[in-house]
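Tertiary structure, described
This is what each chain is made of:
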Amino acid sequence: MFPVRCWPGPLCGLLLALLNAAPASAQIDRLPAEVGARIAAMGPSFDGAVLAATRALFAPIPQAATDGLSVTRDQSYGPDARHLLDVYAPPGSAPPRPVLVFVHGGGFVRGEREANIPAYAARNGMVGVAVTYRLAPQHPWPAGARDVGAAIAWVRANAARFGGDPGRIVLMGHSAGATHAASFAFDPALHPAEGPGIAGLILGSGFLKMTAEDKGPGNIAYFGPDPALYAARSPMTHMGRSRLPMLLFSAEYDPPFLGAPTVELALGACWRDGKCPRIVQMRGHNHVSEIFAVGTADDELGQEILRFARELR
């Protein structure tokens, strides 16, 4: 990543500490040259066409394979048809393993489970879980966050039978999934009596603060039409009430409304904790290639996930 400069002041110092500490080289250079060139040509935008084009770029690139893993699909964690999760576990017996629960994106109105992230976790000594949740507009705020909570409750109750440690659950969300994960993790009103039940939180390129200026139809479908409610419904509002360890990541070619909140959250955590969380900018990547790259020759994010999980106590 190129050095970041800003106007002098306390926020500038924190921003420099967060971003200039990231690796100077781009692991995307380990992928075929066409991948980085095409992503750069798409630029800092995201829509269905960018998703389809990026998915096509990664289709011939091997990702985390599921062969040799124990895969248990379509486990119901609630009454809705989308209250389903898949569990990926490595073979053999071992001491209870950390559990990575991955919540997909989709702009609040779409999205499905994918194997790459949970399979990667399982291939590296964890138990991986992929979750689907209810969608807007039929299920507006706080349905997604409540579904994350219900999925975590299921994982806590069932982790041991897959070799997982219910005391070491890492919740990971990307894009809208990061919104739901952060909402659940930060807001005590969404927790069961004993607390959120997770040991750590990984958030990537999430939409973390809804405002009256945000006119995206998916955002309005989930957060509702009344701007007076947006602050209370935004996970950023509640982050000061949490002390969970965090790993944050975003992409160089994230649209600003998806990349900037990650940096803002990191700055807030610096002030909250007196120390800054790890924040990784995926140089050369866009909003979805940062996820597709996990387990490929560009394994920067994957290695950060594993290190974060190992360091949790």
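A quick note: this is a predicted structure, and the numbers were derived from the prediction, not measured. (Residues numbered from 1 in each chain as written. Predicted model: local features only at pLDDT ≥ 70, side-chain atom pairs only at ≥ 80, totals over all residues. Heavy atoms only, no water.)

Time to look at the overall build of the chain. Within the chain, the secondary structure is distributed over 12 helices and eight strands. With respect to the three principal axes, the spread of C-alpha positions in the chain is 55 × 50 × 40 Å. The 313 residues of the chain split such that 56% are buried. Surface summary for the chain: the accessible area is close to 13,200 Å², and the carbon and sulfur share equals 58%. One way to put it: in the chain the 27 positive side-chain charges average out to a point 5 Å from where the 26 negative ones average out. (Helix = DSSP H or I, 4+ residues; strand = E, 2+ residues; numbered from the N terminus. Buried < 20%, exposed > 50% of the residue type's maximum accessible area, 1.4 Å probe, protein only. Areas by Shrake-Rupley, 256 points an atom, 1.4 Å probe, with all protein chains shown as cover. Lys, Arg positive; Asp, Glu negative; His and termini not counted. Charge placed at Lys NZ, Arg CZ, Asp CG, Glu CD.)

So, about the packing of aromatic side chains. Applying the stated criterion to the full structure yields eight aromatic pairs. Aromatic side chains Phe108 and Phe207 sit 6.3 Å apart centroid to centroid with 75° between the ring planes, which places their arrangement in the edge-to-face category. Of this pair, Phe108 sits in the loop between strand E3 (97-103) and helix H4 (116-123) while Phe207 sits in the loop between strand E6 (200-204) and helix H7 (217-223), and the two are 99 residues apart along the sequence. Phe207 shares its class with Phe108; the two are buried. Cluster of aromatic residues (ring-pair linked, three or more members): Phe108, Phe207, Tyr222, Phe223 and Phe257. (Phe/Tyr/Trp six-rings, centres within 6.5 Å; stacked < 30°, edge-to-face > 60°.)

Further remarks concern the environment of Ala212. Summarising the element assignment, Ala212 is placed in the loop between E6 and H7. For Ala212, a relative accessible area of 33% corresponds to the partly exposed category. C-alpha separation for the pair Ala212 and Ala119, spaced 93 residues apart in sequence, amounts to 39 Å. With residues near it in sequence (within four places) discarded, Ala212 still touches Pro227 and Tyr230. (Contact = heavy atoms within 4.5 Å.)

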